[in-house]
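Survey of secondary and tertiary structure
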Amino acid sequence: MTKNLLKRNLIHTAIYTLSIILSKGISVILTPWFTKELDKEYFGQMTYLYTFIAFSTAIISIGFETGYFYFKNKNKQENVEGTMHLNHGLFLLFFLVPAFIWAEPLSILLIDSKEFVNHFRTLLGIMAFDILSLIPMAVLRYKEKVLRYSLIRILNALIILLFTYIFLKYLPDQKALPSWIPFNTFSQNDLVFYILLANLIASGIQLILLLPEIIKFRWKWKFELIKKYYQYGIPIAIGSMAYLINEQADTIFLKKMLEDGEAQIGIYKANYRVALLLGIIITGYRMGIEPFFFNQADKAGAKKNYSIVMNIFVIISLLAGLFIVFNEFWIKELYIKDRSYHEGFKIVPVLILAIVFSGIYSNLSVWYKINNQTKYGMTFTLIGAGITVLLNYILVPKYGYIASAWITLFCYFIMVLLSYSFGQKNYPIDYKIKRILTYILLASALYYLSLHIEYTQWYYRNLLLIPFLGLILGFERKTLKKIRK
């Protein structure tokens, strides 16, 4: 890996990570507020509604975001963005208009209540704006307009924060909602609706900010190209759906199979968000690394570079994960205001390790993405989804959200094993497996030792990071020297 290439990749990843820290930081700010203002049932209700957006977006986006990088880099095709964006627009037209018209029966079918019709319509709006933003945002990443991409993300998050504050702080005290708010016959106490509405406004403004990119697209329908895009993208879309089943199926099972399902979801997802503090770093890493994977594919030394990147990822994610669990005392107090949620913190270490394995799986996925073998990714995630559904069905009624956390970890572990095994046969990369396993085992052992230290003595717990850092300095001397230069 040349010095300039490594430097550029690290800078881009750092900027992406910073933007995601700042944008996701809004979620960090809002989570303590939500856990203070919303009962566990309402918090669980909100999480359940966002699950619908995630699943629908995965279906309608058809894997075109990753496909865009593949066709721009691999085949050097022109106007990929215009054709893909047009396809998204047409898909939304045929999907959303009927869904908006039949919102009431669909909301009863999907959300189990007639009272959520306006929530459902707001979700459709959020989904439409976000899907129409996917390709323009991918163009910014492809053209390495890192600052513009990051500023749009940050502004989106700030708008959500602003309107959420306005809605939750002032509107519930009004006798009637202002006439300019859609669905203004809604109960002023329906805080979840206000949260969704703030997201809708932010997503709409984000799409407006992307108009300079969109107006440059040439919307042309070419059947042969669309066919190729679908052949590449559908396995990714199915894989994304399966991935979301791994991530979100537990929410559905908790709601359907437990009497206090929404309260359990509230506790589970509030603590899941603590683990997702690590997810912020990993998301930033993914933003920077996916274009890098495709750019490196045809270059000498690509496999060595992929191996180096894997090591860096594992080290940073484990360090960040240990920092979170070692500082349980003040993170709980600052991040989750209502102490009735604190009982769920015991799942955070399990979910952190699951997120680490999820990131490892993303690194391993390079072999099938750059070689147009996305059917493998689809297969691995479908197997993971099957494991998630089966084990949640069996274990959730007895063990609740504790089972869901361990199932998430087990699922990603199996997916990592599958991707590594097939990858070494089709596109062998010399990953430093023994070293990676050593890091994971040492991090797990240090966490176990920390359990023997009172969690209020977080300063002593943090001293356990020293042996981990010492091991890294011993094993990674050469890599660290390159980075330092």
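The structure we're discussing is the one just above.
What you are looking at is a predicted structure, and each value in this text was computed from that prediction instead of being measured.

With that settled, the discussion passes to the overall build of the chain. When helices and strands are tallied, the chain shows 21 helices and zero strands. Going through the 485 residues of the chain one by one, you find that 55% of them count as buried. Restricting the contact set of the chain to residue pairs at least 6 apart, pairs at least 24 apart contribute 81%. Summing over all exposed atoms, the chain offers an accessible surface of approximately 22000 Å²; the carbon and sulfur share of this is 65%.

This next bit is on the packing of aromatic side chains. Under the criterion given, the structure shown has 16 aromatic pairs. An aromatic cluster of three or more residues is present, and its members are Trp367, Tyr368, Tyr376, Phe380 and Phe422. A cation sits over an aromatic face here: Lys303 above Tyr427, 4.6 Å from the ring centre. The ring of Phe422 is capped by Lys425, whose NZ or CZ atom sits 5.8 Å from the centre of that ring.

Close contact between helix 12 (residues 302–326) and helix 13 (residues 328–335) brings their axes to 5 Å; oriented N to C, the two are set at 75°. Here helix 12 lies roughly perpendicular to helix 13, going by the angle between them. For the pair helix 12 and helix 13, contact is made by Phe323, Ile324, Val325 and Phe326 and by Glu328, Trp330 and Ile331, respectively. Here the residues of the contact of helix 12 with helix 13 sort into six nonpolar, no polar and one charged.

The next thing to look at is the side chain of His85. Mapped onto the fold, His85 is located in helix 4 (residues 80–101). Each residue touching His85, except ones within four places of it in the same chain, is listed here: Leu132, Ile135, Pro136, Ile214, Phe217 and Trp219.

The next subject is helix 16 (residues 374–399). Taking 1.5 Å per residue, 26 residues should reach 38 Å; helix 16 reaches 35 Å between its end C-alpha atoms and fits that length. Bending of helix 16 peaks at approximately 40° at the position of Asn392. Buried residues of helix 16: Thr374, Gly377, Met378, Phe380, Thr381, Gly384, Ala385, Ile387, Thr388, Asn392 and Val396, and no others. Where helix 16 ends, the next residue or the one after it, Gly400, has phi of about 65°, a positive value.

It is worth spelling out helix 13 at this point. The complete set of buried residues in helix 13 reads Glu328, Ile331, Lys332 and Tyr335. In an axial view of helix 13, the angular spread of the buried residues amounts to 100°, which keeps them on one side of the axis.

Below, the discussion takes up a nonpolar patch on the surface. On the surface, Leu90, Leu93, Phe94, Val97, Ile101, Trp102, Trp221 and Phe223 cluster together to form a nonpolar patch covering roughly 930 Å² of accessible area. When residues of the nonpolar patch are assigned to their parent elements, the largest contribution, five residues, is made by helix 4. Looking at where Leu90 falls in the secondary structure, it is placed in helix 4.

Time to look at the pattern of salt bridges. This structure, assessed with the given rule, holds four salt bridges. Taking the shortest distance from any N to any O, the salt bridge between Lys432 and Asp430 comes out at 3.2 Å. For Asp430, a relative accessible area of 55% corresponds to the exposed category.

Glancing now at the packing of helix 14 (residues 348–364) against helix 17 (residues 401–426). Closest axis-to-axis distance for the helix 14/helix 17 pair is 8 Å, and the angle between their directions is 20°. It follows from the interaxial angle that helix 14 and helix 17 lie roughly parallel. In this structure, the crossing between helix 14 and helix 17 has a hand that is left-handed. Of the residues in helix 17, those in contact with Val350, Leu351, Leu353, Ala354, Phe357, Ser358, Ile360, Tyr361 and Leu364 of helix 14 are Ala405, Trp406, Thr408, Leu409, Tyr412, Phe413, Met415, Val416, Ser419 and Tyr420. Residues of the contact of helix 14 with helix 17, tallied by class, amount to 16 nonpolar, three polar and no charged.

On to a negative patch on the surface. Taken together, the side chains of Asp39, Glu41, Glu259 and Asp260 present a region of like negative charge at the surface. Note that Asp260 resides in the loop between helix 10 (223–257) and helix 11 (261–296).

Let's shift gears to the environment of Ala403. When you line up the elements, Ala403 lands in helix 17. Owing to a relative accessible area of 7%, Ala403 belongs among the buried residues under this scheme. Spatially, the C-alpha atom of Ala403 lies 9.1 Å from that of Asp250, the residues being 153 residues apart in sequence.

Looking now at the environment of Pro349. Inspection of the secondary structure assignment puts Pro349 in helix 14. Considering only alpha carbons, one finds Pro349 and Ser444, 95 residues apart in sequence, at a separation of 9.2 Å. Apart from residues no more than four positions distant in its own chain, Pro349 is found in contact with Val325 and Tyr447.

This brings us to the environment of Gln373. Looking at where Gln373 falls in the secondary structure, it is placed in the loop between helix 15 (366–370) and helix 16. Spatially, the C-alpha atom of Gln373 lies 10.0 Å from that of Ile236, the residues being 137 residues apart in sequence.

Analysis parameters
The residue count restarts for each chain, going from 1 along the sequence in the order it is written. Under the rules for a predicted model, residues below a pLDDT of 70 receive no local features and side-chain atom pairs below 80 are neither given nor counted, while totals for whole chains, interfaces and linings still include all residues. Side-chain descriptors were evaluated using all non-hydrogen atoms of the structure, hydrogens and water having been removed beforehand. Every helix listed is a DSSP run of H or I at least four residues long, and every strand listed is a run of E at least two residues long, numbered separately from the N terminus. Any residue under 20% of the maximum accessible area for its type is buried, any over 50% is exposed, and the rest in between are partly exposed; the area is computed with a 1.4 Å probe on protein chains only. Note on contacts: a residue pair qualifies if any of its non-hydrogen atoms lie within 4.5 Å across the two residues. Computed by Shrake-Rupley with a 1.4 Å probe, the accessible areas treat only the displayed protein chains as cover when residues are assessed. Stacked, edge-to-face and tilted are the three classes for Phe, Tyr and Trp ring pairs, Trp counted by its six-membered ring, which pair at centre distances within 6.5 Å; planes under 30 degrees apart are stacked, over 60 edge-to-face, the rest tilted. Lysine NZ or arginine CZ positioned within 6 Å of the ring centre and within 35 degrees of the ring normal marks a charge as sitting over the ring. For helices, the fitted axis covers only the stretch in contact; all axes are lines through C-alpha atoms, and the angles between them, taken along N-to-C directions, range from 0 to 180 degrees. An angle counts as roughly parallel when it lies under 35 degrees, as roughly antiparallel when it exceeds 145, as roughly perpendicular when it falls between 65 and 115, and as oblique in every other case. Amino acids outside the nonpolar list (Ala, Val, Leu, Ile, Met, Phe, Trp, Tyr, Cys, Pro) and the charged list (Asp, Glu, Lys, Arg) are all regarded as polar, and Gly is one of them. Every helix has an expected span of 1.5 Å times one less than the residues it contains. The angle between axes fitted to the seven residues ending at a residue and the seven residues starting there is what we call the bend at that residue. Regarding the arc, it is the one traced by the directions from the helix axis to the C-beta atoms. Each patch is built from salt-bridge-free residues with over 30% relative accessible area, joining like charges within 9 Å and nonpolar side chains (Val, Leu, Ile, Met, Phe, Trp, Tyr) within 5 Å. The term salt bridge refers to a side-chain nitrogen of Lys or Arg lying within 4 Å of a carboxyl oxygen of Asp or Glu. The hand of a helix crossing depends on one turn: near helix anticlockwise from the far one by less than a right angle means left-handed, and clockwise means right-handed. Lys and Arg are tallied as positive, Asp and Glu as negative. Neither His nor the chain termini are counted. In plain terms, the charge of a residue is placed at NZ if it is Lys, CZ if Arg, CG if Asp and CD if Glu.

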